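# Observations on the model geometry
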Amino acid sequence: MLLERFRTGVTTSRQTQLWPFYMVFICFAITLTLFPGLGDGDTVDQQRQMLTGMYHDWHPPVFAAFWGVVNKAWNSVTGMSYSGTGVLYVLHALLLWGGIALLMKVARPYFRTFIGEARWKFSALAGMLFLWGLCELVPMSRLIFKDTAMLAAYTLALGLMLNMPARRGWKVFMIMGCLLLLFYGTAVRHNSLFALMPLLALLFCKTLPTRWVLIIVPCTLIAWGGIILSINYVNYTVLAAKKTYSIQEIFYTDIWRLNYKTKVFDLPPPVKGVSWDEISEEVFFDFYDEKRVYVKSSMRFIERYYNNGVRYWTNDFTGAEDDFKLLFHAWIDKIKKHPAAYISTHKRIFVNMLREYTFFGLSGYWYFILACAIAAAGFYKLIKKKPGIDPAPYLVALSSLFYVMPYFLFIVDIQRRYLLWFIFASFLSVIWVGGQVAANRSAQKQQASAA
């Protein structure tokens, strides 16, 4: 009888409107219990840059500089002398959960359509989303990484875009806020450059009059180029960051991978003047660990064989401009000799990364397929000029794809944090399109009943 009462029970309009915000508040409170967050060696290096004011671009300089600004502001207000991760951690958590609250506000009509007055639907959906927030988003927001910073900034920017006010003054203020958040999110994660483009297109879709639709593409490209140039100016002029040519690490990795894959042994150029000549072909093929993506891990047995485990060749991949050019040409030549092996190797790594990590019961591989399907559906509706199309979920799906696809060419390692924005944006677009489908079916049923 209790089950029947629960199944046939009704929810109030107030419950339907407020439960998403209760969920967000609880998840944010749980996030704060994980203060001051979790970091690693990258976090320590960026903290060192933040404290000294001497920046290099192996990690995003804007992240360390913003961290310093946040701590200085906190110290000025409180009179403290705090230099840890806590203030930045809380700020990123506020950005993330604030953005999710704004997204929940936009989704309320879809929730009401799905739930109706059925209590069991209300409880099922609320429980599912709460578990998703607790099991996935809370652990994501715990990390003091550039990946979390990007996720938090992009999420709040997306929430602001979808809640754009009608008044011009407030709209200008919100647009500037979105652009600043998109600047920060892009500056702290290099492969977000292309993920930025669909979000800028969405910003202009939500702010420009409908009759100006033809200028959305040029406006998007201009804004995209402007943000990229601004990031470069801030990094190398304002912050005077030292260039380290970090992509050299990827070039070395690819050359060694292709050596093993093709059984053609070509030594790459020296690392900071230190030659690889000591490594023999026989030792390389005996001790190279092909199962490891990260170059230091894949070469660890070779290092141990020659140097008793002491890092020698793989200790520091930074270089100068001349070293970078020499290595780049060696990398290109290696790919030209073995293009099929290069594509095959990167395809395997890319697919393995998507399959290795699951989010809410589904691997990244399925999220990739769903995001591709949604983006394709949006493109189809666009070319067919279907009326009343909401571009938001399709552009969000496209942003997730544009974020993850550069990993096919440039990937240092396989880590869960590399997929944060991809998974979040893909999941959001799937839920969004599902809500739209449910709302359309409900409207069709109401029209049929009225007829």
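Below is a summary of the structure that appears in this document.

Rules of the game
Residues numbered from 1 in each chain as written. Predicted model: local features only at pLDDT ≥ 70, side-chain atom pairs only at ≥ 80, totals over all residues. Heavy atoms only, no water. Axes fitted to C-alpha atoms, helices over the stretch in contact; angles between N-to-C directions. Helix = DSSP H or I, 4+ residues; strand = E, 2+ residues; numbered from the N terminus. Parallel < 35°, antiparallel > 145°, perpendicular 65-115°, else oblique. Contact = heavy atoms within 4.5 Å. Nonpolar A, V, L, I, M, F, W, Y, C, P; charged D, E, K, R; others polar. Polar contact = N/O pair within 3.5 Å; in protein donor to acceptor, adjacent residues only side chain to side chain. Core = buried A, V, L, I, M, F, W, Y, C linked by side-chain atoms within 4.5 Å. Buried < 20%, exposed > 50% of the residue type's maximum accessible area, 1.4 Å probe, protein only.

### As for the packing of helix H11 (residues 248-262) against helix H16 (residues 339-356)
For the pair H11 and H16, the least separation of the axes is 10 Å and the interaxial angle reads 110°. Between H11 and H16, the interaxial angle falls into the category roughly perpendicular. In this structure, H11 uses Asp-254, Arg-257, Leu-258, Lys-261 and Thr-262 to contact H16, whose residues at the interface are Ala-341, Tyr-342, Ser-344, Thr-345, His-346 and Ile-349. Considering only residue class, the contact of H11 with H16 consists of four nonpolar, four polar and three charged.

### Re the side chain of Arg-257
For Arg-257, the position within the fold is in helix H11. A distance of 2.9 Å separates the side chain of Arg-257 from the side chain of Asp-254, its partner in a polar contact. Ignoring sequence-local partners within four residues, the contact set of Arg-257 consists of Tyr-288, Val-293, Thr-345, His-346, Ile-349, Ile-411 and Val-412.

### Here's the deal with the environment of Tyr-184
Mapped onto the fold, Tyr-184 is located in helix H8 (residues 168-187). Each C-alpha atom of the pair Tyr-184 and Phe-66 lies 8.9 Å from the other, and the pair is 118 residues apart in sequence. Setting aside residues no more than four positions away along its own chain, Tyr-184 makes contact with Val-62, Phe-63, Phe-66, Leu-88, His-92, Ala-149 and Ala-153.

### Side note on the nonpolar core
One finds Trp-97, Val-404, Leu-419, Trp-421, Phe-422 and Phe-424 to be the most contacted residues of the largest nonpolar core, which totals 96 residues. Sorting elements by how many residues they give to this core places helix H7 (residues 146-162) first, with 12 residues. The contact partners of Phe-422, leaving out residues within four places of it in the chain, are Leu-354, Gly-364, Tyr-367, Phe-368, Ser-400, Tyr-403 and Val-404. Counting residues in hydrophobic clusters, the runner-up holds 23 residues, among them Tyr-252, Trp-256, Phe-265 and Tyr-342.

Fair warning: the whole summary comes from geometry, so function is off the table for now.
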